[in-house]
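Spelled out, the chains give:
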Amino acid sequence: MSGVAQQLVDREIVQRAAAPAAAAGSAAAPGADGSSETHEFLSRDLTWLEFNRRVLHEALDDRTPLLERVRFLGIVTANLDEYFMKRVGGLKRQIAAGVVSQSLDGLTPVQTLAAIRRTVLPMIAQQADCFARVVRPKLAENGVHLLEWNELTEAERENATLYFRASVFPVLTPLAVDPGIPFPFISNLSTSLAVILHHPDRHENLFARVKIPEVLPKWIPVTGGPPGGGQRFVSLLTLIRENLADLFPDMAVVDVMTFRVTRNADLERDEEEAEDLLEMMEEEVRQRRFARVIRLEHGSHANQWMLEFLMRELELTPDDVYEMPAELDYDDLRPIADLNLPRLRYEPWSPMVPAAFADEDADVFNVIHNSDVLVHLPYESFAASVERFVQAAAIDPRVLAIKMTLYRTGDESSFISTLIRAAEAGKQVVCLVELKARFDEARNIHLAAALEKAGVHVVYGIVGLKTHTKTTLVVRQDPDGIRSYVHIGTGNYHAGTAKGYTDLGLFTCDPEITHDVVELFHYLTGRSLKRDYRKLLVAPVNMQSRFLELIDREVAHARAGRPARIIAKMNSLEDRKICHALYSASQAGVKIDLIVRGFCVLRPRVKGLSDNISVISIIGRFLEHSRVFYFRNNAADELDGDFLIGSADWMYRNLLARVEATVPIVKRSLRERIWEILQILFDDHRSAWDMEPDGAYVQRTPRSPDEVGAQQKLMTLARQHGFSKSDPTTHP
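Every chain's residues receive numbers from 1 upward, in the order its sequence appears when written. In keeping with the model being predicted, local features are shown solely for residues with a pLDDT of at least 70 and side-chain atom pairs are shown and tallied solely at 80 or more, while totals for entire chains, interfaces and linings include all residues. With hydrogens and water stripped out, all remaining heavy atoms of the structure feed into the side-chain values.

### Digging into the overall build of the protein
In this text, helices come from DSSP runs of H or I with a minimum length of four residues, and strands from runs of E with a minimum of two, each type numbered from the N-terminal end. Along the backbone of the protein there are 20 helices and 29 strands. Only protein chains enter the area calculation, which uses a 1.4 Å probe; residues under 20% of their type maximum are buried, those over 50% are exposed, and those in between are partly exposed. The buried share of the protein, taken over its 732 residues, is 58%. We call two residues in contact whenever any of their non-hydrogen atoms come within 4.5 Å of each other. Sequence-distant contacts, at least 24 apart, represent 74% of the contacts inside the protein between residues at least 6 apart. For the protein, the computed accessible surface area is about 29,600 Å², with 51% contributed by carbon and sulfur atoms. Per-residue and other accessible areas were derived by the Shrake-Rupley procedure at a 1.4 Å probe size, with only the shown protein chains allowed to occlude residues.

Here it is, written out as C-alpha cells:
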C-alpha cells in the first residue's frame, strides 16, 4: 500500500472511531425505566462538543501543517474554556435552582452534565496523546524542541535560572495558607502551582499557591544548547517549578502540582430593573471575576492530599475535576504556533481587493450607486471594502450622518478613531455599542466611553435584547438629493476576525433596503415599534415568522409539484419552530441542504422524519461564519430563487432575543456568485463532514490524494477575480 493510501486508511479509522462516542452521547435519552428513548432533537450541549471534536481532528490530521496543528490544539482548549464557563455554568445554575425537567433532547440538567463529562474525558485524552506522541516529536524533527528541565544541557539550565532570577522571580507572589492567612482567590483560567511545604521543625503539610504570571511568555527560548540544536524552549511553568526553592528558602518543597480553575460566566441579570445598563454591565464584569468555580484541571500524578485540599476550598466534587495528561493549557502554545517557519504553516494568504473597489481613487459612493457590491471575507479585503467605506464617509463633506452597530471589534479598531473624527467634523454620528457581547464587555465599555467623550451619540441597545446585527448606514447629500448607503454583513466589524472568518457583506443604496435600515436604527435608538419592513428580515420583529413563511411556501410548491428547495448556511441550528418546519418540508418532498458549522439539534436523514434533509459541517483554516439562505420559490432557473444573507443563525436567541438583520440579494450577478460559493462548499471532499442521524459526523474521503478543500478553491477563485495591489494584511 502506498504512503498516501495508508494515510487515507488511517484517517478513515480515526473518523469511524469518533462516531460511536458521538452517537452514544447524543442519540437517545435514558427513559425512566432505563430504556433508550429516541427524541426528534439532539442535545445542543453534546452536539457542540462534537463540533469541538471536529476542531480537534484538524490537529490530529497529518494533512494540516505542523504549526497549524499546534494552533488547533490551542483552539480546542479555548473552545472548551468558553463552553464550561457558559454552558456548564448554566447547567449548574439550573441544578442549583432545582430544575429537573427534561429539555427537548430528553435529558435533565444532571443527565446532561454527566454526558458532557463522558464526552470531554476521551477528548482530553486524545488531545494529550496528539501533543505528546505526535506533535511534540514532529516539532523536534523540525528543529523546534519543547524541553523538560532534565532535557536541558547544564549551560541551558544555568542560563534559564539566570533568566528566572532576573525576570521571573520579582514578578511572582507566593501565597501560603495557614490559620492567619486565608485561602487565596484563584482567578478565572489562571494557571498555578500548588505546593506542599514542610517547616524544618514540623512535618505537617503546609499549602502554598504560586500563580504563573500572565504577563510573561509561556515558553522561554534557552541558550547554551548543542551546536545546530535548532530552536529550544522550556515552559515558564517548568522554569518556576524547578526554582521553587528560591521562593521558599529553608522550607522543604515536598510536592508540586499544576492546576487551573474555570469560573461560571452564566450570571443572572435583571435588565428591567437596571437604571443604567452601563453600570449593570460593569458590575457583571466584576461579579464574573468572583463567580463560582465550576472546573478544576490539574496535572498528571496529582498529590491526593493537595487535590482534596483544593476541592474542599473551592467547593468542588470529583465530577468537577479533570486530569490533564500532558499540557494544562494548550493555548499557551500560541508563541510556538506563531514561529516564523513558513514550511510548517499554511501558505500565507493576502486578501484580494474586490474588483469593484480596485480603483483607489474612485469615489466609493459612486461605485455603490452604480451597482450593488458583494464582498466575501477573508478572500477579499476588509480594509479595502468595509474600512474604506466608513473612512470615506468620515471625510466626505457631503456625508451628513453615519450610524453603525458594533458587537465585537478589536482593541486597535480603526472604526473608533474614524467615528470620532467624523463627529469632530460636525457629522451626525451614532454608534450602537453592544455592552452584552459575551467576554467583550470590558472592551466595549471602554470603547463606548471613548466615543461618548468625543461627542458620538452612543446607544447601548434595547433592554432584554442583544444587538447582533452588523449594519452601517451613511446618509449623503448627493447632487440629485439625499441618498442613503448601507453595508449589511454576516460578520463583526473586527479587522482581526475579518482575516480568519468567512463572511459576506452587501453594499447597496437600493432605496427600499436603505429605508428599512433607517427604520432599523430608529428601532434601536428610539424604540420604534415598526413591524412592516419592506425588504429586511429583522429580529425579533419579523424574522422568525418570515423564515417560517418562506419554508411553508416551499412546502406548498412541493405539494403542487412545483420546483422547491431550501439551502441554508449558518453557525448553529437550534430553533424548535424552524426545525419542525424543516421536518414538515422534508416530509412534503422539499430537498433541504444545510451547512451548519457548529451544533445542530436537528436530525438529518431519519426515515419518515427528515429523509430529504442533509447536514454538512466544514472545518478548515478559516472559521466558517457566513449566514446564507436560499429558497427556490418555484423558479424555473435556480438562480431566480430568493437569496438572503445576514447576521442571524436559526437559533431561538438570534430570532427572538437579539436584534438581527437579514437582507435579500437582488442583483443576479451577486446571486450567481453566492450560488457558486455554495456549490463549492457542498462539493468539498477535503474538509467537509456529513452529519449522521444519531449526531455523529463522518469526514468525507478525498476523491484523489491531491484534492483540496472548498476554502483553498475559494482562495484560488479570489486570486482570479480580485486585485492584490493595496491590501498589505496577511493571514498567517
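### Description of the pattern of salt bridges
Salt bridge, as applied in this entry: a Lys or Arg side-chain nitrogen positioned within 4 Å of an Asp or Glu carboxyl oxygen. Under the counting rule described, the total for this entry stands at 48 salt bridges. Ionic pairing is found between Glu-148 and Arg-241, a salt bridge with its closest N-O pair at 4.0 Å. One end of the pair, Glu-148, is in the loop between β3 (144-147) and α5 (154-168); the other, Arg-241, is in helix α6 (residues 236-241), and 93 residues separate them in sequence. Overall, Glu-148 belongs to the partly exposed group, its relative accessible area being 31%. With a closest N to O distance of 2.9 Å, Arg-476 and Asp-396 form a salt bridge. Of this pair, Arg-476 sits in strand β17 (residues 470-478) while Asp-396 is found in the loop between α12 (383-395) and β13 (399-406), placing the two residues 80 residues apart along the sequence. Here Arg-476 and Asp-396 have matching classes, each one buried. Taken together, the salt bridges that share partners define one network made up of Asp-363, Asp-396, Arg-476, Asp-478, Asp-480 and Arg-483.

### Focus on the nonpolar core
By size, the foremost hydrophobic cluster in this structure holds 91 residues, and its most contacted members are Ile-336, Phe-547, Leu-573, Leu-582, Leu-594, Leu-602 and Trp-650. Once residues lying within four places of it in the same chain are set aside, the contact partners of Ile-336 are Leu-67, Leu-139, Val-144, Leu-146, Trp-219 and Phe-233. Here, nonpolar core means buried Ala, Val, Leu, Ile, Met, Phe, Trp, Tyr and Cys residues that are tied together by side-chain atoms lying within 4.5 Å of each other. Val-541, Val-659, Ile-674 and Leu-681 belong to the second-largest nonpolar core, a separate cluster that totals 54 residues.

### Describing the environment of Gly-299
With respect to the element layout, Gly-299 can be found in strand β10 (residues 293-299). Its relative accessible area of 10% is what places Gly-299 among the buried residues. Between the alpha carbons of Gly-299 and Met-324 there is a distance of 5.2 Å; along the sequence they are 25 residues apart. Apart from residues no more than four positions distant in its own chain, Gly-299 is found in contact with Thr-258, Glu-323, Met-324 and Leu-328.

### What to know about the state of the cysteines
The criterion for a disulfide is a pair of cysteine sulfur atoms lying within 2.5 Å. Applying the stated rule across the entire model yields zero disulfides. With no disulfide of its own, Cys-579 lies 6.6 Å from the sulfur of Cys-600, the closest cysteine sulfur.

### Thoughts on the packing of aromatic side chains
Only the six-membered ring of Trp is used, alongside the rings of Phe and Tyr, when aromatic pairs are assigned; centres must lie within 6.5 Å, and planes under 30 degrees apart are stacked while those over 60 apart are edge-to-face, with the rest tilted. By the definition in use, this model includes 25 aromatic pairs. With centroids separated by 5.3 Å and ring planes inclined at 80°, the aromatic side chains of Phe-547 and Trp-650 adopt a geometry described as edge-to-face. Residue Phe-547 is found in helix α16 (residues 543-559), and its partner Trp-650 is found in the loop between β26 (642-646) and α18 (652-656); the two are separated by 103 residues along the sequence. Note on Phe-547: relative accessible area 0%, which makes it buried. Judged by its relative accessible area of 0%, Trp-650 is buried.

### Notes on the sheet that holds strand β11 (residues 321-324)
Criterion used throughout: strands pair if DSSP finds at least two bridges between them. Judged by pairing direction, the sheet is mixed, and its six strands sit side by side in the order β4-β6-β5-β9-β10-β11 without closing on themselves. This sheet does not close on itself; its edge strands, each paired only once, are β4 (175-177) and β11. On average, each strand axis in the sheet is tilted by 30° relative to the strand beside it, whichever way the strands run. Axis lines are fitted to C-alpha atoms, over the contacting stretch for helices. Their N-to-C directions set the angle, which ranges from 0 to 180 degrees. Those strands touched by helix α3 (residues 66-96) are β9 (252-263), β10 and β11, and its axis lies near 140° from that of β10.

### So, the pairing of strand β14 (residues 428-433)
As a general feature of sheets, a regular strand has side chains that alternate between the two faces. Extensive coverage of β14 is indicated by the burial of five of its six residues. Taken together, the six bridges between β13 and β14 define a ladder with parallel strand orientation. Looking at β14, one finds that Met-404 is bridged to Cys-431. In terms of strand pairing, β14 meets strand β15 (residues 457-459) through three bridges, oriented parallel. Across the sheet, residue Val-430 finds its bridge partner in β15, namely His-457.

### Structural notes on helix α20 (residues 710-721)
Between the first and last residue of a helix there are one fewer steps than residues, each counted as 1.5 Å, and that sum is the expected span. The first and last C-alpha atoms of α20 sit 16 Å apart over 12 residues, in line with the 16 Å expected at 1.5 Å per residue. The set of residues buried in α20 consists of Ala-710, Gln-711, Leu-714, Met-715, Leu-717 and Ala-718. Taken end-on, α20 shows its buried residues confined to a sector of 165°, consistent with a single buried face. Contact partners of the buried residues in α20: β12 (373-377), β19 (501-508), β24 (623-624) and α19 (668-682). The directions considered for the arc run from the helix axis to the C-beta atoms.

### With respect to the packing of α3 against helix α4 (residues 109-141)
Where α3 contacts α4, the two axes come as close as 11 Å, and the packing angle between them is 165°. Comparing the axis directions of α3 and α4 gives the class roughly antiparallel. Relative to α4, α3 is oriented so that their crossing is left-handed. For the contact of α3 with α4, the class distribution of residues is 22 nonpolar, four polar and three charged. Orientation labels follow simple angle bins: below 35 degrees gives roughly parallel, above 145 gives roughly antiparallel, 65 to 115 gives roughly perpendicular, and whatever is left gives oblique. Here a crossing is called left-handed whenever its near helix is offset anticlockwise from the far helix by less than a right angle, and right-handed whenever the offset is clockwise. Under the scheme applied, nonpolar residues are Ala, Val, Leu, Ile, Met, Phe, Trp, Tyr, Cys and Pro; charged residues are Asp, Glu, Lys and Arg; polar residues are all the others, including Gly.

### Here's the deal with the environment of Tyr-493
Relative to the assigned elements, Tyr-493 resides in the loop between β18 (481-489) and β19. Polar contacts, as used here, are pairs of N or O atoms within 3.5 Å; protein pairs need one atom able to donate a hydrogen and one able to accept it. Residues neighboring in sequence count only if both atoms are side-chain atoms. Looking at Tyr-493, its side chain comes within polar contact range of the main-chain nitrogen of Thr-471, at 3.3 Å. A distance of 2.9 Å separates polar atoms of two side chains, one belonging to Tyr-493 and the other to Thr-472.

### A short note on the sheet that holds β3
The strands making up a sheet associate through hydrogen bonds between their backbones, and the pairing can be parallel or antiparallel. Here we have three strands laid out as an open sheet, ordered β3-β8-β7, and mixed in their pairing. Looking at which strands have only one partner, the edges of the open sheet turn out to be β3 and β7 (219-221). Across the sheet, the axes of successive neighbouring strands diverge by a mean angle of 30°, strand direction being ignored. Taken together, the three bridges between β7 and strand β8 (residues 231-235) define a ladder with antiparallel strand orientation. From the neighbouring strand, Trp-219 faces β8, where its bridge partner is Ser-235. Together, β3 and β7 form the strand contacts of α4, whose direction differs from that of β3 by roughly 130°.

### So, the pairing of β17
For β17, the tally of buried residues reaches eight of nine residues, placing the bulk of the element in the interior. Pairing of β13 with β17, which is carried by five bridges, proceeds in the antiparallel orientation. Considered in β17, the bridge of Lys-403 is made with Leu-473. Strand direction decides the pairing type here: β17 and β18, joined by nine bridges, are antiparallel. Opposite Lys-470, over in β18, you have Gly-489 as the bridge partner. Where β17 folds back on β18, the antiparallel hairpin that results is connected by two residues.

### So, the packing of α16 against helix α17 (residues 576-587)
α17 packs onto α16 with a crossing angle of 5° between their chain directions and a minimal axis gap of 9 Å. Between α16 and α17, the angle is such that the two are roughly parallel. Here α16 contributes Gln-544, Phe-547, Leu-548, Ile-551 and Val-555 to the contact with α17, which in turn contributes Lys-577, Ile-578, Ala-581, Leu-582 and Ala-585. Classifying every residue of the contact of α16 with α17 by side-chain character gives eight nonpolar, one polar and one charged.

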